[in-house]
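An overview of the molecular structure
The primary structure of each chain is shown beneath.
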Amino acid sequence: MSSAPGSGSGTPFPPGFDPAAESAEKTLCFRGFWAWFVLILLIVVFVSAIMWLLRKFIQGPIYRKTNRIDGKVVIVTGCNTGIGKETALELAKRGARVYMACRDPGRCEAARLEIMKKSQNQQLFNRTLDLGSLQSVRNFVERFKAEETRLDLLINNAGVMACPRSLTADGFEQQLGVNHLGHFLLTNLLLDRLKQSAPSRIVVVSSAAHLLGRINRDDLMSEKKYSKFLGAYSQSKLANILFTRKLATMLKDTGVTVNCCHPGVVRTELNRHFSGPAWMKSALEVLSIYLIKTPKAGAQTTLKLALDPSMEGSTGGYYSDCIRWPLVPWARSTDTADWLWRESEKLVGLPPSSPTNESPANNGTSNGNGSSGPGAMQSVDTVVVNRS
Ligand SMILES: NC(=O)c1ccc[n+]([C@@H]2O[C@H](COP(=O)([O-])OP(=O)(O)OC[C@H]3O[C@@H](n4cnc5c(N)ncnc54)[C@H](OP(=O)(O)O)[C@@H]3O)[C@@H](O)[C@H]2O)c1
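Our subject in this report is the structure included herewith.

Scoring rules and cut-offs
Residues numbered from 1 in each chain as written. Predicted model: local features only at pLDDT ≥ 70, side-chain atom pairs only at ≥ 80, totals over all residues. Heavy atoms only, no water. Helix = DSSP H or I, 4+ residues; strand = E, 2+ residues; numbered from the N terminus. Buried < 20%, exposed > 50% of the residue type's maximum accessible area, 1.4 Å probe, protein only. Contact = heavy atoms within 4.5 Å. Areas by Shrake-Rupley, 256 points an atom, 1.4 Å probe, with all protein chains shown as cover. Pairing = 2+ DSSP bridges. Right-handed = clockwise from strand over helix to strand, strands pointing away. Axes fitted to C-alpha atoms, helices over the stretch in contact; angles between N-to-C directions. Near = heavy atom within 4 Å. Polar contact = N/O pair within 3.5 Å; in protein donor to acceptor, adjacent residues only side chain to side chain. Nonpolar A, V, L, I, M, F, W, Y, C, P; charged D, E, K, R; others polar. Parallel < 35°, antiparallel > 145°, perpendicular 65-115°, else oblique.

1. Side note on the overall build of the protein chain
The helix and strand inventory of the protein chain stands at 11 helices and 8 strands. Expressed as a percentage of the 388 residues in the protein chain, the buried residues total 49%. Long-range contacts, defined as pairs at least 24 residues apart, comprise 77% of the intrachain contacts of the protein chain with a sequence gap of at least 6. Within the structure as shown, the protein chain displays about 18,800 Å² of accessible surface, and the carbon and sulfur contribution to it stands at 61%.

Now the structure itself:
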C-alpha cells in the first residue's frame with residue numbers, strides 16, 4: 001500500500017511536498033519555452049505599437065475634408081512622379097480638370113493614364129512644360145490660354161535638388177532657374193487668368209531647406225562658388241518663399257491668394273542626384289521606407305492649401321504639416337523680396353512691375369482690376385480653341 005505523497009518516509013519527496021501541485025504551478029508561471037515565447041511576443045507587440053505611433057507621427061496630418069472641386073481648372077507642375085503626382089491624383093478624384101505640366105511627355109502620359117484609372121476622371125491633360133526653358137514656359141502658357149478661359153488653381157510643385165552644377169537653356173544656374181525663375185515667369189503669365197477666375201489660388205511648394213539658404217546678391221547664379229544643396233538648392237527654396245510673400249502683397253484685393261509650404265521629408269525621386277556610395281544609398285532607401293513620408297503624406301499640406309474652404313482669403317503664409325509657421329527674418333525680408341522680384345523680372349524678360357507695387361506697403365492699390373502690376377505682364381494670345 002502506498003502512502004500519500006509527502007506523508008511518509010517511503011516517498012522520495014520531503015514532507016509536505018506535492019509534485020502534482022508543483023507541476024501545475026510550473027505551467028501557470030510559463031517557465032521554460034512558454035515563458036520566453038510570451039515575453040518575446042509582448043516585446044514584439046510593444047515595439048510594433050511604438051513604431052506604428054512613430055510612423056503615424058512622421059507621416060503627419062491628412063487633409064480629411066471631402067469637398068469637391070468639380071470642373072475647376074488646375075495646373076500642377078512636375079506631376080509625373082512624387083508629390084506632384086499624388087497631388088494631381090487627389091485633385092482628379094475630386095473632379096478637377098487637371099493640366100499636368102511636365103517636361104517629359106512620355107512619363108507624363110504614363111502618370112496620366114494611371115491617374116485616370118484610379119480617379120475615374122477623364123479630364124486630365126498631358127502638357128509639356130520645361131521650367132528650364134523660358135521659351136517652353138511661354139509655349140505652355142500660350143497653348144493653355146488657347147484652351148481654357150479660366151484657371152482656378154496653380155500648383156508650382158516641380159523641383160530639382162542638389163544636381164551637379166549645370167545651366168538651363170537660358171544660362172541660369174539649374175536649381176534657381178527651374179525651382180524659381182521658371183515658376184516666376186509661368187505664374188506671372190497666368191495671373192490674368194487667375195484674376196479672372198477669382199477666388200483662385202496659387203500654391204508654391206518650397207522646403208524647410210530655405211532655413212539654410214541666403215539670396216546671394218553678388219552671385220545669384222553660383223558662378224563663383226557652387227554648393228549644390230546648402231547653396232543653390234536652399235537659395236532656390238528661399239526664393240520660393242520670398243516670391244510667395246511679395247506676390248501675396250501685390251495680389252491684395254484681387255481674390256487670388258498665394259501660399260507656400262514645406263511638404264516634409266518625402267520618399268520621392270528628388271534625391272536622384274545623390275552621389276554618395278551605393279551602399280549608403282541602399283541603406284538610406286531601406287531606412288526611408290519607415291522613417292520618411294510617403295508621397296501621399298507629402299502631398300497633404302499642398303492639398304490643404306489648394307482645397308480647404310477655411311483657407312479662403314488666407315495669403316502669404318508658409319505651412320508645414322498643415323499648420324502655418326512663422327518665418328525666419330531672412331525669409332520675411334521685404335527688401336530682399338523686392339530685390340529678387342526686380343532681378344527675376346529682368347532675367348526672364350518681363351517689363352518692370354508698376355512702381356506702386358515696388359513697396360509691399362503700397363501693394364494692391366493699383367492691380368485689383370488687372371490693369372497694372374504682374375497681371376498686366378502677360379504677353380501671349382488668349383484665343384480659345386478646341387482642345388485636342
Ligand atoms: N521630397 C522631399 O523630401 C521634399 C522636401 C522638401 C521640398 N520638396 C519639394 O517638393 C517638390 C516636389 O518634389 P518631389 O519630392 O516630388 O521630387 P520628384 O519626385 O523628383 O519630382 C519632381 C518633379 O519635378 C519635375 N521637374 C524637374 N525638373 C523640371 C523641369 N525643368 N521642368 C519641369 N518639371 C521638372 C520632375 O520631372 P522629371 O520626372 O521629368 O524629372 C518631377 O515631375 C519640389 O519642389 C521639391 O523641392 C520635396
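2. Some details on the pairing of strand β6 (residues 256-262)
Counting buried residues along β6, 7 of its 7 residues qualify, which places the element largely inside the surrounding structure. With burial as the criterion, each face of β6 is covered, one bearing Val256, Val258, Cys260 and His262 and the other bearing Thr257, Asn259 and Cys261. Bridge analysis of strand β5 (residues 200-205) against β6 gives 6 bridges, and the strand direction is parallel. If you follow Val204 over to β6, its bridge partner there is Cys260. What joins β5 to β6 is helix α7 (residues 228-250), and the crossover it makes is right-handed.

3. Overview of the sheet that holds strand β1 (residues 73-77)
The strands making up a sheet associate through hydrogen bonds between their backbones, and the pairing can be parallel or antiparallel. Strands sit in the order β3-β2-β1-β4-β5-β6-β7-β8 across an open sheet of 8 strands; the sheet is mixed. Each having just a single partner strand, β3 (124-128) and β8 (323-325) make up the two edges of the open sheet. The average undirected angle you get between the axes of adjacent strands in this sheet is 25 degrees. The pairing of strand β7 (residues 318-320) with β8 spans 3 bridges and is antiparallel. Bridging across to β8, Ser320 finds its partner in Ile323. In the packing of helix α10 (residues 300-307) onto the sheet, the strands contacted are β4 (153-156), β5, β6 and β7, and the crossing angle to β5 comes to about 160 degrees.

4. What to know about the site of the ligand
Around the ligand, the surrounding shell holds 30 residues, and the nearest of these are Arg103, Arg107, Tyr233, Val266 and Thr268. A distance of 3.5 Å separates an oxygen atom of the ligand from a polar backbone atom of Gly264. Sorting the residues of the shell around the ligand by element identifies α3 (82-93) and α7 as the ones contributing at least two each. A breakdown of the residues in the shell around the ligand according to their chemical character gives 12 nonpolar, 12 polar and 6 charged.

5. Some thoughts on the environment of Ala239
Residue position: Ala239 is located in helix α7. Using a relative accessible area of 0% as the deciding quantity, one classes Ala239 as buried. Separated by 55 residues in the primary sequence, Ala239 and Phe184 place their C-alpha atoms 9.8 Å from one another. The contact partners of Ala239, leaving out residues within four places of it in the chain, are Leu176, His180, Ile215 and Leu340.

6. Structural notes on the packing of helix α2 (residues 33-59) against helix α8 (residues 278-291)
Where α2 meets α8, the closest approach of the two axes is 9 Å, and the angle between their N-to-C directions is 90 degrees. Looking at the two axes, α2 sits roughly perpendicular to α8. Residues Met51, Trp52, Leu54, Arg55 and Ile58 of α2 touch α8, and the partners they reach there are Ile289, Tyr290 and Leu291. In terms of residue class, the contact of α2 with α8 is built from 7 nonpolar, no polar and 1 charged.

Nothing here speaks to function; it is geometry throughout.
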